[in-house]
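The primary structure of each chain is shown beneath.
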Amino acid sequence: ATDLDHKTPHVTARAPQSMVQELLNRDDAFLWAILSNGAVLRLLRDSTALVGSSYVEFDLEAIFDGELFSDFVLLYLICHESRFAVHGDGSPASCYLEQWRGFAAEQGERALDQLRDGVKKAISILGTGFLSHPDNPQLRTRLDPSNADLKLDDFNRALLRLVYRLLFWFVAEDRGALLQPDPDGADAATS
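This report concerns the structure included in the present document. (Residues numbered from 1 in each chain as written. Predicted model: local features only at pLDDT ≥ 70, side-chain atom pairs only at ≥ 80, totals over all residues. Heavy atoms only, no water.)

**Examining the overall build of the chain**
Phase 1 of the analysis: Scanning the chain from terminus to terminus reveals six helices and three strands.
Phase 2 of the analysis: When the elements of the chain are put in sequence order from the N terminus, they spell out α-β-β-β-α-α-α-α-α.
Phase 3 of the analysis: Its C-alpha atoms give the chain a radius of gyration of 26 Å, clearly above 16 Å, the size a compact globule of 191 residues would have.
Phase 4 of the analysis: Overall, the chain is about 70 × 55 × 40 Å in size when its C-alpha atoms are taken along their principal axes.
Phase 5 of the analysis: Burial analysis of the chain (191 residues in total) assigns 20% to the buried set.
Phase 6 of the analysis: Restricting to contacts in the chain with at least 6 residues of sequence separation, those with at least 24 account for 33%.
Phase 7 of the analysis: Per element, the accessible surface of the chain, about 14200 Å² overall, is 58% carbon and sulfur. (Helix = DSSP H or I, 4+ residues; strand = E, 2+ residues; numbered from the N terminus. Rg over C-alpha atoms; globule rule 2.2 N^0.38 Å. Buried < 20%, exposed > 50% of the residue type's maximum accessible area, 1.4 Å probe, protein only. Contact = heavy atoms within 4.5 Å. Areas by Shrake-Rupley, 256 points an atom, 1.4 Å probe, with all protein chains shown as cover.)

In structure tokens, the structure reads:
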């Protein structure tokens with residue numbers, strides 16, 4: 001029942017989480033660690049982040065009391081000792097967890113590049129559509145260099161804001177965060 005995020009009075013000067021993280025950050029011989037108090041288990045990695053902590057946490061009580069087999073399988077597959085075993089050159093960076101982390105980071109960079117290209121394309125398409133639409137003569141007049149009422153940079157900034165708002169709404173909609181589910185017994189005619 002030891003709290004992993006707060007120091008234990010009269011026992012330690014710091015929280016167990018911060019002590020293990022400091023060990024990982026200071027000692028190059030270790031990249032990964034497991035920390036547990038019996039109720040939860042955390043998988044930590046060497047980190048240079050100055051703000052906040054990041055880890056993967058498994059609620060052991062919920063897994064075993066709730067008989068959550070799929071969560072247990074995930075815990076087993078991630079935290080099995082073979083995932084930490086060093087290969088080849090014997091450095092901690094050769095373990096499977098580190099290889100998976102590197103692959104995930106590479107995929108994340110690729111996705112970010114694709115997102116950047118998609119945002120640029122969306123700005124171009126939206127901007128062209130707004131300017132070429134026959135009902136927007138005021139916009140074309142305001143963007144005319146001789147008028148200088150609206151600068152092209154301001155127009156681009158507004159398009160960028162629109163695209164990011166659309167992305168926000170698409171992600172919220174995809175995660176089901178926009179609408180509350182109907183209350184039990186709600187009539188379809190009242191919706």
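Next comes the rest of the write-up.
**What about the nonpolar core?**
Phase 1 of the analysis: One finds V119, I123, L139, L143, L150, F155, L159 and V163 forming the largest nonpolar core, which totals eight residues.
Phase 2 of the analysis: Every element with two or more residues in this core is listed here: α4 (96–132), α5 (137–143) and α6 (152–174).
Phase 3 of the analysis: Ranked by the residues each element gives to this core, the list is headed by α6, at three residues.
Phase 4 of the analysis: When residues no more than four places from it in sequence are discounted, the contact partners of L143 are L131, L150, K151, L152 and F155.
Phase 5 of the analysis: Counting residues in hydrophobic clusters, the runner-up holds seven residues, among them L4, L24, L35 and V40. (Core = buried A, V, L, I, M, F, W, Y, C linked by side-chain atoms within 4.5 Å.)

**Thoughts on the environment of H133**
Phase 1 of the analysis: When you line up the elements, H133 lands in the loop between α4 and α5.
Phase 2 of the analysis: Here H133 falls in the partly exposed class, since its relative accessible area comes to 38%.
Phase 3 of the analysis: At 3.0 Å, the side chain of H133 and the backbone nitrogen of D135 are in polar contact. (Polar contact = N/O pair within 3.5 Å; in protein donor to acceptor, adjacent residues only side chain to side chain.)

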